[in-house]
Amino acid sequence: MKALSLIFLIFPLTLFAQTKLAVSENGRFLQYDNGKPFFWLGDTAWELFHRLDKEESEQYLKNRAYKGFTVIQAVVLAELDGLNTPNREGEIPLIGNDPLKPNEAYFKHVDFVIDKAKKLGLFIGLLPTWGDKFNKRWGVGPEIFTPENALAYGKFLANRYKNKPIIWILGGDRIPEDEVHYQIIDEMAKGIRSVVGQSQIITYHPSGESSSSKYFHDRDWLDMNLFQSGHGHAYNPNYQKTLNDYKLKPIKPVIDGEPCYEDHPINWRSANGWFDAFESRRAAYWSVLSGACGNTYGNHNIWQMWQEGLNPISQARSNWWQALDFPGAFQAGYMRKFFESRPWQLLVPEENLISEYPNDNGKDCRAALASDKSFAMVYIPYGNNVTVDLSMIAGDAKKLWWYSPVIGKAIFIDTIQSNAKLMMDPPDDEKRGNDWVLVIDQADKDFPKPE
């Protein structure tokens, strides 16, 4: 019996939450049926159905719910020989690797996990398959999909999960490279949409440093864009990809569905060092303040549910249940609470808000202003000085805060009467990891402390 991971309550447990999402009227974010904005805080648990048993799955889901995650991204036909290596229940997903012959016992386990997620208020970002099952550029494969069976498989999954808290994520770390690949994805989407109508969200997970917008932005079935900024660079300004998709027409929500994983070797080589919590949270704040409708966190040990005795992919080095409580996971939850302290869905990227700040080498500052000008936020990764134009925030009086993404706490600075440009100096010296968010509120809005 494994020791249970430490569970710290960041968010109260929500039982039997709403199960349906829609795109907002302005096309910028997701919302519940009742109109409440939905902040996408994802976790990549690609091997969840394949490598964890029922007890372990429940342990994992409870940990993520308590930390404030809202979306668990997991794959039905998993990457790590998911067709031929049985899951922890001893079952394979398909009979004879035929998408038209699902193994009911395997899908009973998937049902169990999805139902547990529902009870915890979590959505499953459900990938019908990893990409090597239709485009084996690398990986195990084999390629089993055709346009015809992709349509039927999409209908099968949709009928099974049409009343569950599901966000459909097609693709699986692949891009379409020929006409048949496009047809397979389009037909799978068609199969899902023919059953669920507009009641569930559909997006697409491409290969590293690419976006769904490049391949499917004009498709009616694509509700939102998802890109993967990936794991190849220590300095990867993912906000540029966010901004690119944010500016596209027609307007669709955008998410970085796979930024650099905490504890992943940089560019897959430990000699380059390892991504840590700083790079993880920097990618998150960069992206959200550039127009994303949330962010996905990932841990290199957790996506593969690694434990001693399994082959470690790309030098995984910590048991998954220990990695559950790495710093970046807590800080992801802090981030959601921080943004939800304000009507975050009103934020619009606004570079003109700030001046005299670094904008390269990982020190890039990002700023956003509420569309009603009631508040603004500025992310400063290295704690360097930045000049802010207070005239862009409404009202004569402005309330200023420093917020620490590391500990999830805010420091009140002052309430001032000014519409001038003001130079702000964050706490402590300029250095890597001394990241802060400056919050400027229209004082008479009386927003709560941002934490």
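The structure we're discussing is the one just above.
Residues numbered from 1 in each chain as written. Predicted model: local features only at pLDDT ≥ 70, side-chain atom pairs only at ≥ 80, totals over all residues. Heavy atoms only, no water.

1. Details of the environment of S318
Stage number 1. Tracing the sequence through the fold places S318 in the loop between α9 (300–303) and α10 (320–323).
Stage number 2. When the C-alpha positions of S318 and W306 are compared, they lie 7.3 Å apart, and in sequence the two are 12 residues distant.
Stage number 3. Beyond its immediate stretch of four places on either side in the chain, S318 contacts D263, N301, W306 and F326. (Helix = DSSP H or I, 4+ residues; strand = E, 2+ residues; numbered from the N terminus. Contact = heavy atoms within 4.5 Å.)

2. Remarks on the side chain of T387
Stage number 1. Among the structural elements, T387 can be located in strand β17 (residues 386–389).
Stage number 2. With relative accessibility at 8%, the residue T387 sits in the buried group.
Stage number 3. A polar side-chain atom of T387 sits 3.4 Å from a polar atom in the side chain of E356.
Stage number 4. When near neighbours in sequence (up to four residues on either side) are disregarded, T387 contacts L353, I354, S355, E356, K421, L422 and M423. (Buried < 20%, exposed > 50% of the residue type's maximum accessible area, 1.4 Å probe, protein only. Polar contact = N/O pair within 3.5 Å; in protein donor to acceptor, adjacent residues only side chain to side chain.)

3. Remarks on the packing of helix α3 (residues 104–119) against helix α4 (residues 147–161)
Stage number 1. Interhelical geometry of α3 versus α4 gives an angle of 45° and a closest axis separation of 12 Å. Classified by the angle between their axes, α3 and α4 sit oblique to one another. α3 and α4 meet at a crossing whose hand is right-handed. Taking contact as the criterion, the partners of E104, F107, K108, V110, D111 and I114 in α3 are, on α4, Y153, F156, L157, R160 and Y161.
Stage number 2. Classifying every residue of the contact of α3 with α4 gives 7 nonpolar, no polar and 4 charged. (Axes fitted to C-alpha atoms, helices over the stretch in contact; angles between N-to-C directions. Parallel < 35°, antiparallel > 145°, perpendicular 65-115°, else oblique. Left-handed = near helix turned anticlockwise from the far one by under 90°. Nonpolar A, V, L, I, M, F, W, Y, C, P; charged D, E, K, R; others polar.)

4. Some details on the sheet that holds strand β21 (residues 436–442)
Stage number 1. Read from one edge to the other, the open sheet built from 6 strands follows the order β13-β15-β16-β21-β18-β19, with strand pairing classed as antiparallel. The open sheet terminates on both sides in strands that have one partner only, identified here as β13 (347–349) and β19 (409–417). The sheet shows a mean angle of 20° between the axes of neighbouring strands, direction not considered.
Stage number 2. Examined bridge by bridge, strand β15 (residues 366–370) and strand β16 (residues 375–380) share 4 bridges and lie antiparallel to one another. Paired with L369 across the bridge in β16 is A376. (Pairing = 2+ DSSP bridges.)

5. Side note on the nonpolar core
Stage number 1. Membership of the largest hydrophobic core comes to 106 residues, with the highest contact counts inside it found for W40, L48, F49, Y60, W168 and F339.
Stage number 2. Setting aside residues no more than four positions away along its own chain, F49 makes contact with A74, V75, V76, N87, Y106, H109, V110, V113, I114, I124 and L126.
Stage number 3. By size, the runner-up hydrophobic cluster in this structure holds 21 residues, among which are C365, L369, I393 and I440. (Core = buried A, V, L, I, M, F, W, Y, C linked by side-chain atoms within 4.5 Å.)

6. Here's the deal with the packing of aromatic side chains
Stage number 1. If you walk through the whole model with that rule in mind, you get 26 aromatic pairs.
Stage number 2. Between Y32 and F38, the aromatic rings sit 5.4 Å apart at their centres with planes inclined by 85°, giving edge-to-face as the arrangement. Taken individually, Y32 and F38 each receive the classification buried, so the pair is uniform in this respect.
Stage number 3. Taken together, a centroid distance of 5.1 Å and an interplanar angle of 70° make the contact between F338 and F339 edge-to-face. Across this residue pair, the class does not change: F338 and F339 are buried.
Stage number 4. Three or more aromatic residues link up through ring pairs in this structure, and these residues are F29, F39, Y285, F338, F339, W344, Y379 and Y403.
Stage number 5. Over the aromatic face of F112 sits the side chain of K54, whose NZ or CZ is 5.4 Å from the ring centroid.
Stage number 6. Lying across the ring of W138, R174 places its NZ or CZ 3.7 Å from the centre. (Phe/Tyr/Trp six-rings, centres within 6.5 Å; stacked < 30°, edge-to-face > 60°. Lys NZ or Arg CZ within 6 Å of the ring centre and 35° of its normal.)

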